[in-house]
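# Structural features, examined
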Amino acid sequence: MFTVRDRIKSSHLGRDKKIRLSKLIEIIQDACQIQLDNCEVTQEYFSRCNATTYIIYWQIDLLGDFHYGMDIDVSTYVYSMKKTYGERNVFIRDDKGDLLVQAAGGGANVNKDTGEKCPMPKDILAVYPLEEKWDMEYLSRKVHFPAEAEEKFMEPVKVSKSMIDYNGHVNNARYLDICEEYLRDDFDVARFMIAYQKPAKYGDTIHPVLYDTEDQIGIALEDENRECYIKVMYYKRGSLDN
């Protein structure tokens, strides 16, 4: 298990003093990136094959509260690796060791230049370091919106330069900034699922589609042809026990 120490700062918190989910994604993905940077086997694969990993999905369960100035430990490891696809767990604990977040995510191994699948060589795959899959509820990585929810087409969002990261497309956290606008103030998120389908780039127009029920809020960010960039499903606290 690889662990980095972080601290909750004012920029991590929203106007309700709770952790912003886009900032939580940044904390998680930064820890994963540092882990990959420090994994010699991964770096050998990246170097030899001109490869990288693109996140495909996240399931993130919020188990505790964050507050300003809190020291946190963000831990992660890979529990499954195939030729073109890997899966990992991530945990965030406070300085007492109490679990605040448990998460599972998956990523595709792709060629840096083409974005096409880039199989990991057998000799690297054979020695890839794996740890035991965490005992938690794992949902399907495919996001399905509530059948009873009415589609609501929201105001389009133009992709600006500030949304683009060094990969040349919209940073994963920026999608959640867009989605945050459609979360009701009384909707306390206990879990959220993210399925990334295709990257949005500078100049694209994102068309949000809202699927809102009492206990679930689904949001699809689509292009003008209704092809999806990303799907997000939020689950209200208390609804997971039903």
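Residues numbered from 1 in each chain as written. Predicted model: local features only at pLDDT ≥ 70, side-chain atom pairs only at ≥ 80, totals over all residues. Heavy atoms only, no water.

## Overview of the pairing of strand 4 (residues 85–94)
Burial runs high along strand 4: eight of the 10 residues are buried. Of the pairings in the sheet, the one linking strand 3 (residues 71–81) to strand 4 comprises nine bridges and is antiparallel in character. In the sheet register, isoleucine 72 faces strand 4, and the bridge partner there is aspartate 94. From the end of strand 3 to the start of strand 4, which pair antiparallel, there are three residues. Note: strand 4 against strand 5 (residues 99–111), nine bridges, orientation antiparallel. Counted as the bridge partner of asparagine 89 is alanine 104 from strand 5. What sits between the antiparallel neighbours strand 4 and strand 5 is a turn of four residues, in which glycine 97 has the positive phi angle 90 degrees. (Buried < 20%, exposed > 50% of the residue type's maximum accessible area, 1.4 Å probe, protein only. Helix = DSSP H or I, 4+ residues; strand = E, 2+ residues; numbered from the N terminus. Pairing = 2+ DSSP bridges.)

## Comments concerning the side chain of serine 80
Considering the arrangement of structural elements, one finds serine 80 in strand 3. Dropping the residues within four chain positions of it, serine 80 is found in contact with Tyr85, Gly86, Glu87 and Leu130. (Contact = heavy atoms within 4.5 Å.)

## Focus on the nonpolar core
For soluble globular proteins, nonpolar side chains are generally found buried alongside one another. Of all hydrophobic cores here, the largest spans 49 residues; its most connected members are Leu24, Trp58, Ile60, Phe66, Ile92, Phe192 and Tyr234. Examining the composition of this core, we find that seven residues originate from one element, helix 1 (residues 21–37), more than from any other. Among the nonpolar cores identified, the runner-up in size contains 13 residues, and Cys39, Cys49, Met81 and Ile124 belong to it. (Core = buried A, V, L, I, M, F, W, Y, C linked by side-chain atoms within 4.5 Å.)

## A few points about the side chain of arginine 191
Mapped onto the fold, arginine 191 is located in strand 8 (residues 189–196). Taking relative accessible area as the criterion, arginine 191 reaches 5% and is therefore assigned buried. Reaching out from arginine 191, the side chain makes a polar contact with the side chain of glutamate 137 at a distance of 3.1 Å. What arginine 191 contacts, discounting residues up to four positions off in sequence, is Gln59, Ile60, Asp61, Leu62, Glu137, Leu139, Met233, Tyr234, Tyr235 and Leu240. (Polar contact = N/O pair within 3.5 Å; in protein donor to acceptor, adjacent residues only side chain to side chain.)

## Notes on the environment of proline 208
Note on placement: proline 208 falls in strand 9 (residues 205–212). What makes proline 208 buried here is its relative accessible area of 1%. In the structure, proline 208 is positioned 110 residues away from aspartate 98 in sequence and 36 Å away in space, judged by C-alpha atoms. Those residues in contact with proline 208, other than ones at most four positions away along the chain, are Lys152, Phe153, Met154, Glu155, Pro156, Val157, Ile178, Tyr182, Ala220 and Leu221.

## Some details on the layout of surface pockets
When its volume is computed, the largest pocket comes out at roughly 1100 Å³. Lining of the largest pocket is provided by 44 residues; of these, Thr53, Tyr54, Ile55, Asn167 and Asn172 occupy positions nearest its centre. Contributions of two or more residues to the lining of the largest pocket are made by helix 1, helix 2 (40–49), strand 2 (51–62), strand 3, strand 4, strand 5 and helix 4 (172–180). Empty space within the second largest pocket amounts to approximately 680 Å³. Contributing to the lining of the second largest pocket are 25 residues, with Asp16, Lys18, Ile19, Leu183 and Phe187 lying nearest its centre. Elements with a contribution of two residues or more to the lining of the second largest pocket: helix 1 and helix 4. The class makeup of the residues in the lining of the second largest pocket is nine nonpolar, three polar and 13 charged. (1 Å grid on protein atoms, 1.4 Å probe; cavity = no way out; pocket = protein on both sides within 12 Å on 5 of 7 lines; lining within 4 Å. Points joined across faces, edges and corners; volume = space filled by probe spheres on them. Nonpolar A, V, L, I, M, F, W, Y, C, P; charged D, E, K, R; others polar.)

## Looking at the packing of aromatic side chains
In the structure shown here, the tally under the stated rule is seven aromatic pairs. Ring geometry for tyrosine 77 against phenylalanine 91: centres 5.8 Å apart, planes inclined by 45 degrees, an arrangement best described as tilted. Here phenylalanine 91 lies in strand 4 and tyrosine 77 lies in strand 3, a separation of 14 residues in the sequence. Relative accessible area serves as the criterion here: at 6%, tyrosine 77 is assigned to the buried category. For phenylalanine 91, a relative accessible area of 0% translates into the label buried. Both rings, one in tyrosine 79 and one in tyrosine 138, keep their centres 6.3 Å apart while their planes meet at 70 degrees; by these two values the pair is edge-to-face. Taken as a pair, tyrosine 79 in strand 3 and tyrosine 138 in the loop between helix 3 (122–125) and strand 6 (151–153) lie far apart in primary sequence, 59 residues in all. Its relative accessible area of 27% is what places tyrosine 138 among the partly exposed residues. Pairwise contacts between aromatic rings join Tyr77, Phe91 and Trp134 into one cluster. A cation sits over an aromatic face here: lysine 133 above tyrosine 138, 4.3 Å from the ring centre. (Phe/Tyr/Trp six-rings, centres within 6.5 Å; stacked < 30°, edge-to-face > 60°. Lys NZ or Arg CZ within 6 Å of the ring centre and 35° of its normal.)

Nothing here speaks to function; it is geometry throughout.
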